[in-house]
Structure formats: C-alpha cells, structure tokens
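Chain residues, written in single-letter form:
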Amino acid sequence: MTDDTLKRWICLGCGFSYDEALGLPEHGLPPGTRWRDIADDWVCPDCGTPKARFEMIEIPYAEGQPRAA
Amino acid sequence: MRNSFVLHADERGYNKILSTGATASYVGGHPDAFITRFSSFNFGEYQDGRKGFGRIRVFGDEAFYHPGCSYSMHPHHNFIICAFVLEGRLTHINTLGGLEELGPGDYYAFSAGSGGLHEELNRSAEPMRAIYLWLLPDQLYLPPSYTRGHFDAAAGTNRITPLIGNDAGPVKISQDARVSRLVADGPGTFRYRPRSAGHGVYAFAIDGTLHCEGVTLKRRDSTGIWGAEEIVYETGRGDTDVLLVETIM
Ligand SMILES: [Zn+2]
C-alpha cells in the first residue's frame, strides 16, 4: 500500500522546510511537486545542504502558517 | 520496554572548521581562527553517526579558537537552538535584536521559528567552549523567540536543576522536551523520572564520572535511555557535571 498524502521535509542544516502541497514556485517547483521528483542534486535554497540531508517530518504548522509568500 | 545506547567521547563525529579556504564564509576570524566540533548526532553533511534522539538533531561539543572566531551571521527556520557556555566568553547576536555576552553557566534558547539569523562569536584570545543543542519544534513557523538563562553551580550542586522546558525551568520552548543540569561534588544517587514511557533521556557527562545502568561514563561520554519509568544516575568521586536532555521519542 502506498501512502499518497503530501509530505513535508526539513533541512537538517538550517531548518528550512519543503512542503509538497506548496512546492517552491519561486525556485521552479510548482505546488504538488513530490519530493521524489526533485533532482538528487537539488540543494537547500537557504543554506546549500544537499537534498539527502533533509528529513521527512510530520510537524503541524503554527496558527496562521504557512503564510502566503 | 527499556532501551539504551552508549556513545563514548572518541566515537563522536569530529570536525575542525577553518576560517580560511572553502569554509571562510561560514567561519569568521581570519586567519588563525577555527572551530572544533564533536557531534553526538548527525550534523548536516558533516557526520554519519546516530541520526538523533527523540526531537534532538544536533548535540555539538564545540570550541572556538582565537579572537574573532565565529559562525558568521546565517539564517535558520524552525529549529530550537540552545547553547550552554562552559568556558570563555560567547557573543551571541540575533535578528530579534539580541546582542549578548554569555559566560560559564549562561545559556540561551533561540527558537528560529518563522525565520531568524544568528552569529556565534568569540572575541577573546581565550578559547570559548560550549554545548550546542538543536531540537525540532512541535509546530512549524512559530514566532521566533530568544530567552537567556543562567545556571548557578553553587546553588545547584547535588541536585538536578531544570534549565529549559515547555513546562519546567526558567526558559520556555515549544517542544515536549526538558533540559536539566546535574552537578555533584562527590558520590550521590539521583533519580530521574521521565514524563512517560514514550520519553527518553540523553545524558552527557561534561565532566567527572557518571554511573548509569551498569555503565560508567567518563568525561564527554554519553548515554540515551528510553522506555524507562525511572533512571538512576550515580555520580563518582570528585566533581561531576552532566547535561540531561529529556525528549518525547
Ligand atoms: Zn538549509
């Protein structure tokens, strides 16, 4: 069975997070882009940490977050 | 079910980060300055050890050498970054407006939340030694916060003193975790009751000798125990100084 819910990932270098539901449109990743579909050589836009050093998380957003960019 | 691991001082990850060459933008204080870091857990691309413990992701035993030695101003989100100064003077600067000098016994918790930058600087010729602890938060993108505390070793001898927690201790954080300090001036028995069987405690011997679960920890050794109703720590002869981090697993 495949768990198809959209996931969140956090950069272990700086705490930046990637949310599959939101994507990163300003970095060419439209909303809904799956983590597995992001290139292996992709790095954290804030600190340069490689994709492999992100961890999947199930931490809820604080009230009022995520704020629209 | 009770579980544990033991990590000896020499089994930790080690990095010496220079203020020249490839890491010059990361570490300030040219040309002699450098940072040494012993990592109990993963730290970015620098170590391939244990991934973490509960909500702990970084436990760094670090030293900053030579005036100007620093982690230059850099951004964070979400992580709760705590520093406990052991020796020397640490200048901590953050984008919440903090510009603080901390000495031995001083500590802080900087919750990066929705975004913040910080710099960690040693302005003195004496080495600055500190423990850096990073915890995941229980919510993403909280308002950032910075709180400073002081551990008074004289008042806190032969007991377990709460430093940081979501419910206990003078510094509050948004995570099901507690940080305490155990300082003893001789042999003693100290009982720690985790909040639940779902919590674990990481004990790091800053100095001295600590006996726990039939294991003897010496300076900079550590042990993580989880699933225990009670954990008994016995301090050895002389002075012992231990940092205890309890976290939901
Ligand atoms: Zn990052």
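Residues numbered from 1 in each chain as written. Chains lettered and ligands numbered in written order. Predicted model: local features only at pLDDT ≥ 70, side-chain atom pairs only at ≥ 80, totals over all residues.

### Re the overall build of chain B
Right, so step 1: Along chain B, the regular secondary structure elements total zero helices and 23 strands.
Right, so step 2: Rg of the C-alpha trace for chain B: 17 Å, near the compact-globule value of 18 Å for 249 residues, within the 12% margin.
Right, so step 3: Each principal axis of the C-alpha distribution contributes one length, and for chain B these read about 45 × 40 × 35 Å.
Right, so step 4: Within chain B, the fraction of its 249 residues that count as buried is 46%. (Helix = DSSP H or I, 4+ residues; strand = E, 2+ residues; numbered from the N terminus. Rg over C-alpha atoms; globule rule 2.2 N^0.38 Å. Buried ≥ 20, exposed ≤ 12 C-beta atoms within 10 Å, placed from the backbone.)

### Focus: the sheet that holds strand 2 (residues 13–18) of chain B
Residue and element names in this part refer to chain B.
Right, so step 1: Taken in spatial order, the seven strands of this open sheet run 2-4-5-12-7-10-13, and their pairing is antiparallel. Sheet topology places strand 2 and strand 13 (145–150) at the edges, where each strand pairs with a single neighbour. Put simply, the sheet's adjacent strands are angled 20° from each other on average, direction ignored. (Pairing = 2+ DSSP bridges. Axes fitted to C-alpha atoms, helices over the stretch in contact; angles between N-to-C directions.)

### Section: the interface of chain B and chain A
Right, so step 1: Tallying the contact residues gives 18 residues for chain B and 17 residues for chain A.
Right, so step 2: Class assignment for the residues of the side of chain B that touches chain A results in eight nonpolar, seven polar and three charged. (Contact = placed C-beta atoms within 7 Å. Nonpolar A, V, L, I, M, F, W, Y, C, P; charged D, E, K, R; others polar.)

### What about the domain arrangement of chain B?
Residue and element names in this part refer to chain B.
Right, so step 1: The domains assigned to chain B are domain 1 (12–150) and domain 2 (159–248).
Right, so step 2: Here the C-alpha centre of domain 2 lies 22 Å away from the C-alpha centre of domain 1.
Right, so step 3: Listed per partner, the contact involves 24 residues of domain 1 and 22 residues of domain 2.
Right, so step 4: By residue number, the principal contributor to the side of domain 1 that touches domain 2 is strand 7 (residues 80–87), which donates four residues.
Right, so step 5: Considered class by class, the residues forming the side of domain 1 that touches domain 2 number 15 nonpolar, six polar and three charged. (Domains from an automatic or database assignment.)

### A look at the nonpolar core
Residue and element names in this part refer to chain B.
Right, so step 1: Among the nonpolar cores identified, the biggest contains 61 residues, and Cys-82, Phe-84, Leu-133, Ala-203, Val-242, Leu-243 and Val-245 are the most heavily contacted of them.
Right, so step 2: Here the element with the most residues in this core is strand 7; it accounts for seven residues.
Right, so step 3: Formed jointly, this core draws a minimum of three residues from each of two domains, domain 1 (12–150) and domain 2 (159–248).
Right, so step 4: Setting aside residues no more than four positions away along its own chain, Val-245 makes contact with Ile-56, Leu-133, Ala-177, Val-179, Val-201 and Tyr-202. (Core = buried A, V, L, I, M, F, W, Y, C linked by C-beta atoms within 7 Å.)

### Concerning unusual backbone geometry
Right, so step 1: Note the cis peptide between Gln-65 of chain A and Pro-66 of chain A, where omega equals -5°.
Right, so step 2: In this structure, the amide linkage connecting His-30 of chain B to the following residue, Pro-31 of chain B, adopts the cis form with an omega of -10°.
Right, so step 3: For Asn-78 of chain B, which is not glycine, the phi dihedral falls at a positive 65°.
Right, so step 4: Mapped onto the fold, Asn-78 of chain B is located in the loop between strand 6 (69–76) and strand 7.

### So, the sheet that holds strand 15 (residues 171–172) of chain B
As a general point, the strands of a sheet are linked pairwise by backbone hydrogen bonds and lie either parallel or antiparallel.
All names here are of chain B.
Right, so step 1: With respect to topology, seven strands assemble into an open sheet ordered 1-21-18-23-16-14-15, the strand pairing being mixed. Looking at which strands have only one partner, the edges of the open sheet turn out to be strand 1 (3–7) and strand 15.
Right, so step 2: With five bridges joining them, strand 18 (residues 199–207) and strand 21 (residues 222–226) adopt antiparallel strand pairing. Across the sheet, the residue bridging to Tyr-202 is Gly-224, located in strand 21.

### Notes on the environment of Tyr-132 of chain B
Residues and elements named next belong to chain B.
Right, so step 1: Examined against the element boundaries, Tyr-132 turns out to sit in strand 12 (residues 128–135).
Right, so step 2: Linking Tyr-132 and Asn-94, residues 38 residues apart in sequence, is a C-alpha distance of 16 Å.
Right, so step 3: Apart from the residues lying within four places of it in its own chain, the contact partners of Tyr-132 are Val-58, Gly-60, Glu-62, Ile-81 and Ala-83.

### A look at the pairing of strand 8 (residues 90–94) of chain B
Residues and elements named next belong to chain B.
Right, so step 1: Going residue by residue along strand 8, you find Leu-90, His-92 and Asn-94 tucked away on one face and Thr-91 and Ile-93 left uncovered on the opposite face.
Right, so step 2: As judged from the four bridges shared by strand 8 and strand 9 (residues 99–102), these two strands associate in the antiparallel manner. Within strand 9, the position partnered with Ile-93 by the bridge is Leu-99.
Right, so step 3: Connecting the antiparallel pair strand 8 and strand 9 is a turn made up of four residues, with Gly-97 showing a positive phi of about 100°.
Right, so step 4: Of the strand pairs in this sheet, strand 8 and strand 11 (residues 116–122) are connected by four bridges, and their pairing is antiparallel. Along strand 11, the bridge assignment pairs Thr-91 with Leu-121.

### Examining the environment of Ser-124 of chain B
Residues and elements named next belong to chain B.
Right, so step 1: Structurally, the position occupied by Ser-124 is in the loop between strand 11 and strand 12.
Right, so step 2: Along the sequence, Ser-124 and Gly-188 sit 64 residues apart, while their C-alpha atoms lie 37 Å from each other.
Right, so step 3: Not counting the four nearest positions on each side in its chain, Ser-124 is found in contact with Pro-67, Gly-88 and Arg-89.

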